[in-house]
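# Per-entry structural report
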Amino acid sequence: MQKLTDAEEEILESLWIEIKENKKIPDLKIIKDEPALQGLISKNFLKLDSKDLLTSTGLKEAELCVRRHRLSERLLADLFALKDPLLHEAGCKFEHGLHHGLEDSVCTLLGHPKKCPHGLAIPAGECCRRFEKTPQRLIVSLKELDPGDIGKISYVNTHDSQILNRLISMGILPGSQIKLLHRFPSYVFEISNSSFAIDSDLAENIHVLLLNKKAPADKKHK
Amino acid sequence: MSKEKKIAIVGSPNVGKSSIFNNLSGRYATVSNYPGTTVELFNSHIHIKNYQCQLIDTPGMYSFLPLSEEEAIARRILLDDKPDVVIHVAAAKDLDRSLPLTLQLIEASLNVILVVNIMDEASKQGMVIDIDKLRSSLGIAVIPTVSIRGSGIKELKGEILRALEKKDTLKAAGSLNLDYPLIIKDEIDSLTKALSKNYRLSKKLISTLLLQSDPEIKKIVKRKEESKDFEKINNLIEEAKEKSAQPIEYIINMALKEKSTQVISQAVKEKKKSKSSTANFFEMLTLKPIFAIPLLILFLYFGIYKLVGEFGSGTCVDFLESVVFEGYINPFFIAIFDKLTNIELIKSLFVGEYGIITLGFRYAVAIVLPIVGIFFFVFSFAEDTGYLPRVGAMMDRLFKKIGLSGRAVIPMVLGLGCDTMATMVVRILPSKRERIIATFLLSLSIPCSAQLGVIMSVLSKRGHVVFIWFFTIMIVFSFTGFLLNKVLKGRRPSFNIELPPLRLPRMNNIFRKTYIRLKWYFKEVLPLFIWASILIWVGQLTKIFDLIVSGLNLPLKVIGLPKDLSDVFLFGFFRRDYGAAGLYDLEKQGLLTTREILVAAVVLTLFLPCIAQLLINIKERGIKMAITISAFILVFSFSVGFVLNKVLLVAGMQ
């Protein structure tokens with residue numbers, strides 16, 4: 001497969017959004033002299049005279065472009081707590097580096113997210129379909145652990161400094177090991193020799209890298 | 001000797017700060033309120049060699065960034081008083097959690113001594129702490145202690161002396177260079193440079209606090225700096241925040257944690273030891289709902305109903321009342337006053353129906369003391385075993401429905417002992433909204449132990465009606481809470497609480513806590529009892545009371561109660577239990593029907609908070625809120641009484 005330029009990827013991305021999400025066929029006549037457009041046509045991704053514009057290979061590639069863009073945004077927002085407009089800008093640059101299966105690794109790391117930070121759907125990739133069959137996630141919120149599971153805190157998903165300081169005061173910082181003891185009626189966990197109870201709102205903010213899944217035999221209740 | 005030196009003891013709660021304080025101060029401690037607040041500070045003036053020192057025990061603080069009013073005050077002491085020596089007390093087994101604060105204290109260029117307390121517990125857990133390593137990597141004096149047994153105190157005193165003399169003190173200030181990540185290092189540096197005035201704490205620490213959006217520090221900086229400089233500082237902060245992808249609070253705390261982990265890894269050897277099976281068993285008993293809820297009911301039944309209710313307000317009160325007071329004390333004083341004077345007026349002031357001795361003193365000693373004393377004992381027991389926070393974890397979901405979090409269990413249960421004290425403890429709730437709801441519910445529907453005891457002993461003589469009383473109060477409690485949660489604006493409460501390990505408490509600790517609480521209670525209450533007696537005496541003499549009492553006749557009649565109860569209601573305002581005790585007297589004389597007792601008991605439980613609680617409501621929540629709460633309760637309690645009376649009449653109860 002020929003390598004696409006960044007500009008070509010951007011065009012595919014916008015076309016996919018227009019066609020698939022906005023259900024419109026845009027008029028490309030006015031920009032038909034754009035080199036990127038010409039490039040896409042020559043690579044057989046685009047046919048100006050066809051009524052769908054994109055060929056089937058083009059459509060597939062375009063979907064991957066959108067996926068990469070939204071995954072980058074998710075990654076930057078969750079892990080580096082980036083906000084708009086920086087988020088969008090950085091996302092646009094970042095996405096072009098996510099090739100050769102890297103996007104699936106990112107997707108797996110993030111736990112196969114369904115939506116980008118702006119609330120738009122992230123097209124599912126091969127890894128997501130595999131994941132549907134074998135539920136195994138790497139990074140999950142504390143809420144999704146079972147009693148006995150051990151994880152390493154990877155990030156806290158909040159910008160509320162009140163909540164942040166409260167979590168910090170319990171020693172909840174990236175890198176710390178955490179063990180969930182109870183889920184109901186409160187979430188009880190152990191972190192460096194101390195135990196705490198928190199409610200589900202707080203637990204939802206804490207994202208951990210699952211280290212040690214308790215043997216499935218012990219959790220019949222699920 | 002020159003000026004008095006200041007020594008402040010800081011550290012997170014439950015690390016033995018107070019016992020270090022007691023060990024250093026001997027027994028001469030005074031309690032004072034921090035100016036403008038009700039947060040109590042323990043103070044003691046001591047001599048160390050020929051230095052005159054003031055020793056201050058600060059409220060618990062976890063970090064330099066305060067999350068509660070108490071933490072804010074602990075910090076203010078460091079900020080405003082600039083103590084000559086700061087003793088940071090940490091629990092040996094949780095050293096890793098305390099070290100970040102030690103690092104911040106060092107960075108503040110305070111003269112810090114780290115006390116690693118409760119060493120015995122740590123070594124029991126298989127921890128080996130290399131004190132010399134800690135000393136060299138932190139660059140400050142470190143003293144291991146077991147403060148409860150007094151070991152290490154002599155060495156601590158020696159170290160304090162050395163710190164005061166500034167001789168061999170390991171130079172603390174600035175010797176420890178905390179490495180902040182590059183992303184914010186420059187920001188901290190340029191902020192430190194931009195701060196042109198002199199602060200009591202190091203500029204570097206002030207800068208890191210500014211970057212963590214600390215409102216109080218920002219205010220101080222704004223006040224001190226020229227407006228032009230402050231603007232520049234403010235811009236630097238905003239820039240730094242914008243530039244950083246992660247919240248800065250995070251980056252700074254990560255750096256602190258990294259440094260302390262590094263120190264710990266060199267100085268502490270820890271054997272991984274799993275919890276014993278008994279510990280796990282009790283853990284499960286208190287945290288799994290199917291066991292924990294029956295356990296809670298058992299605790300309330302035996303702890304509150306059996307011990308406080310039956311034993312305290314039954315057995316003990318009966319004994320003190322009928323044997324001690326009616327048999328000896330009252331006749332003794334009546335005889336004395338008969339001999340002393342012929343003037344009826346004076347006799348009635350001291351030994352009359354509402355006399356200072358025969359009513360005020362008797363109520364305080366014979367009725368209130370045993371009930372409240374036993375309650376405080378039970379409460380201290382639950383507190384020291386580590387059970388209470390677990391009840392909080394259990395109740396959190398239910399409490400959310402009434403706009404509170406599991407944390408509110410502590411003031412609510414304490415309210416069953418003394419609502420006034422509980423209203424002060426409401427301070428531990430993090431948001432204003434929660435504090436209002438909790439204060440409201442305490443004022444309205446939580447009977448204090450004295451009242452509870454008396455009401456139970458009155459009602460239990462009439463069989464099952466105690467359950468009607470209980471359910472009515474529960475309905476009022478839930479309904480009001482639910483309503484407040486709907487009406488009051490503000491965000492949902494969030495809940496987090498530390499669960500200390502369950503342990504068998506030390507009896508002498510429980511007795512000490514009970515004693516301190518009782519002492520506080522009596523200091524607060526006995527004068528009020530006596531004043532109430534005097535006021536009633538004056539009120540009766542001048543016929544003002546007759547006026548108020550006759551004014552109460554009408555509303556009482558509306559809710560189906562005889563007018564004999566009017567003065568009971570009036571007294572109820574002086575002390576919750578005062579009213580209930582009046583009810584007790586009337587019931588003994590056989591003047592009331594079951595229905596009347598039940599309605600009166602319900603209305604008295606809900607009725608206006610006592611004077612002491614009203615004063616604390618004003619102090620803690622402001623006069624407007626206190627009046628709003630009281631006005632609502634006045635109307636609401638009588639309405640509930642009215643409805644209950646009608647229902648009981650329809651049900652055919654006489």
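Residues numbered from 1 in each chain as written. Chains lettered and ligands numbered in written order. Predicted model: local features only at pLDDT ≥ 70, side-chain atom pairs only at ≥ 80, totals over all residues. Heavy atoms only, no water.

### Brief notes about the overall build of chain A
Within chain A, the regular secondary structure consists of 8 helices and 6 strands. Traced from its N-terminal end to its C-terminal end, chain A shows the element sequence α-α-α-α-α-α-β-β-α-β-β-β-α-β. Each principal axis of the C-alpha atoms in chain A carries an extent, and together these give about 65 × 40 × 30 Å. Within chain A, the proportion of its 222 residues that are buried is 48%. Put simply, 64% of the contacts in chain A that link residues at least 6 apart link residues at least 24 apart. (Helix = DSSP H or I, 4+ residues; strand = E, 2+ residues; numbered from the N terminus. Buried < 20%, exposed > 50% of the residue type's maximum accessible area, 1.4 Å probe, protein only. Contact = heavy atoms within 4.5 Å.)

### Things to note about helix α22 (residues 507–541) of chain B
Helical periodicity: at 3.6 residues per turn, an α-helix aligns residues three or four positions apart in one direction. Residue and element names in this part refer to chain B. The first and last C-alpha atoms of α22 sit 49 Å apart over 35 residues, in line with the 51 Å expected at 1.5 Å per residue. Most pronounced at F522, the bend in α22 amounts to some 30 degrees. The positive-phi residue at the C-terminal boundary of α22 is K543, with phi of around 70 degrees. (Expected span 1.5 Å × (residues − 1). Bend = angle between axes of the 7 residues up to and from the residue.)

### Observations concerning the nonpolar core
All names here are of chain B. One finds L404, L565 and F569 to be the most contacted residues of the largest nonpolar core, which totals 117 residues. Per element, the largest residue contribution to this core is 13 residues, and it comes from helix α15 (residues 356–385). Excluding residues within four positions of it along the chain, L404 makes contact with D396, F399, M412, L429, E434, I437, A438, L441 and P493. (Core = buried A, V, L, I, M, F, W, Y, C linked by side-chain atoms within 4.5 Å.)

### Considering the domain arrangement of chain A
Residues and elements named next belong to chain A. For chain A, the assigned domains read domain 1 (1–136) and domain 2 (139–218). Computed from C-alpha atoms alone, the centre-to-centre distance between domain 1 and domain 2 is 33 Å. With 7 residues of domain 1 at the contact, the number on the domain 2 side is 4 residues. Summing the contributions of domain 1 and of domain 2, the shared interface buries around 530 Å²; its carbon and sulfur component is 52%. Considering only the surface of domain 1 that becomes buried against domain 2, D78, L79 and L109 emerge as the three largest contributors, covering 56% of it. (Domains from an automatic or database assignment. Buried area = accessible area lost by both parts, 1.4 Å probe.)

### Regarding the packing of helix α2 (residues 69–81) of chain B against helix α9 (residues 215–224) of chain B
All names here are of chain B. As a packed pair, α2 and α9 sit with axes 12 Å apart at the nearest point and diverge in direction by 30 degrees. By the angle between their axes, α2 is roughly parallel relative to α9. Crossing of α2 over α9 shows right-handed handedness. Here α2 contributes A72, R75, R76 and L79 to the contact with α9, which in turn contributes E216, I217 and I220. (Axes fitted to C-alpha atoms, helices over the stretch in contact; angles between N-to-C directions. Parallel < 35°, antiparallel > 145°, perpendicular 65-115°, else oblique. Left-handed = near helix turned anticlockwise from the far one by under 90°.)

### Here's the deal with the sheet that holds strand β4 (residues 187–191) of chain A
Strand order in this open sheet of 7 strands is β1(A)-β6(A)-β2(A)-β3(A)-β4(A)-β5(A)-β10(B), and the pairing throughout is antiparallel. Each of the sheet's edge strands pairs with one partner strand only, and the pair in question is β1 (139–141) of chain A together with β10 (496–499) of chain B. Between one strand and the next, the sheet's axes are offset by a mean angle of 40 degrees, whatever the strand orientation. Judged from the 3 bridges that link them, strand β2 (residues 150–156) of chain A and strand β3 (residues 177–182) of chain A form a sheet pairing that is antiparallel. Each bridged residue has a counterpart across the sheet, and for K152 of chain A the counterpart in β3 of chain A is Q177 of chain A. (Pairing = 2+ DSSP bridges.)

### Regarding helix α19 (residues 432–445) of chain B
The end-to-end C-alpha distance of α19 of chain B is 20 Å, a good match for the 20 Å that 14 residues give at a rise of 1.5 Å each. Counting buried residues in α19 of chain B gives 12 out of 14 residues, a clear majority hidden from the surface.

### Regarding the domain arrangement of chain B
Size of an interface, as often reported, equals the accessible area lost when the parts are brought together. Residue and element names in this part refer to chain B. Domain annotation of chain B identifies domain 1 (5–165), domain 2 (182–270) and domain 3 (289–497 + 505–650). A separation of 24 Å is found between the C-alpha centroids of domain 1 and domain 2. Listed as interface residues are 29 residues of domain 1 and, on the opposing side, 22 residues of domain 2. Roughly 2,400 Å² of surface becomes buried between domain 1 and domain 2 when both sides are summed, with 66% attributable to carbon and sulfur atoms. One can count 4 salt bridges joining domain 1 with domain 2. Linking E216 and R75 is a salt bridge whose minimum nitrogen-to-oxygen distance equals 3.5 Å. Considering each element in turn, the side of domain 1 that touches domain 2 owes the most residues, 7 residues, to helix α3 (residues 95–107). (Salt bridge = Lys/Arg side-chain N within 4 Å of Asp/Glu carboxyl O.)

### Digging into the pairing of strand β5 (residues 194–198) of chain A
In terms of burial, β5 of chain A is largely enclosed, as 5 of its 5 residues are buried. Neither face of β5 of chain A is left uncovered, since the one carrying S194, F196 and I198 of chain A and the one carrying S195 and A197 of chain A both have all their residues buried. Pairing geometry for β4 of chain A and β5 of chain A, over 5 bridges, is antiparallel. Note on β5 of chain A: the bridge partner recorded for Y187 of chain A is I198 of chain A. The hairpin formed by β4 of chain A and β5 of chain A contains 2 residues between the paired strands, and S192 of chain A there has a positive phi angle of roughly 30 degrees. Where β5 of chain A and β10 of chain B come together, 4 bridges link them in antiparallel fashion. Bridging from a neighbouring strand, I198 of chain A pairs with N496 of chain B of β10 of chain B.

### Overview of unusual backbone geometry
Between F184 of chain A and the following residue, P185 of chain A, the backbone shows a cis peptide bond with an omega angle of -5 degrees. As for its placement among the helices and strands, P185 of chain A is situated in the loop between β3 and β4. The phi dihedral of K49 of chain B is positive, around 50 degrees, even though this residue is not glycine. Checked against the element boundaries, K49 of chain B lands in the loop between β3 (40–48) and β4 (51–57). Looking at K49 of chain B, the relative accessible area reads 64%, which means it is exposed. Unusually for a residue other than glycine, S109 of chain B sits at a positive phi of about 50 degrees. Within the element layout of this structure, S109 of chain B appears in the loop between α3 and β6 (112–117). For S109 of chain B, a relative accessible area of 24% translates into the label partly exposed.

### Quick look at a nonpolar patch on the surface
Residues and elements named next belong to chain B. Among the surface-exposed residues, F467, F470, F471, M474, I475, F479, L483 and V487 lie close enough to one another that they form a single nonpolar patch of about 820 Å² accessible area. Position of F479 relative to the elements: it lies in helix α21 (residues 465–487). A relative accessible area of 44% means that F479 is categorised as partly exposed. (Patch = residues over 30% accessible without salt bridge, like charges linked within 9 Å, V, L, I, M, F, W, Y side chains within 5 Å. Areas by Shrake-Rupley, 256 points an atom, 1.4 Å probe, with all protein chains shown as cover.)

### Topic: the interface of chain A and chain B
With 39 residues of chain A in contact, the opposing surface of chain B contributes 34 residues. Around 3,300 Å² of area is buried between chain A and chain B when both sides are counted, 52% of it from carbon and sulfur atoms. When the area that chain A buries against chain B is broken down by residue, the three leading residues are R166, P185 and N193 of chain A, summing to 17%. Applying the counting criterion to the chain A and chain B interface returns 2 salt bridges. Between R492 of chain B and D201 of chain A there is a salt bridge, with its nearest N and O atoms 3.2 Å apart.

### So, the packing of α19 of chain B against α21 of chain B
Residues and elements named next belong to chain B. Two numbers describe how α19 lies on α21: the axes approach to 10 Å, and their chain directions differ by 155 degrees. Viewed along their axes, α19 and α21 adopt a mutual orientation that is roughly antiparallel. Considering only the axes of α19 and α21, their crossing is right-handed. Counted together, R433, I437, F440, L441, L444 and S445 of α19 and I473, V476, F477, T480, G481, L484 and N485 of α21 form the full contact between these two elements. Broken down by class, the residue content of the contact of α19 with α21 amounts to 8 nonpolar, 4 polar and 1 charged. (Nonpolar A, V, L, I, M, F, W, Y, C, P; charged D, E, K, R; others polar.)

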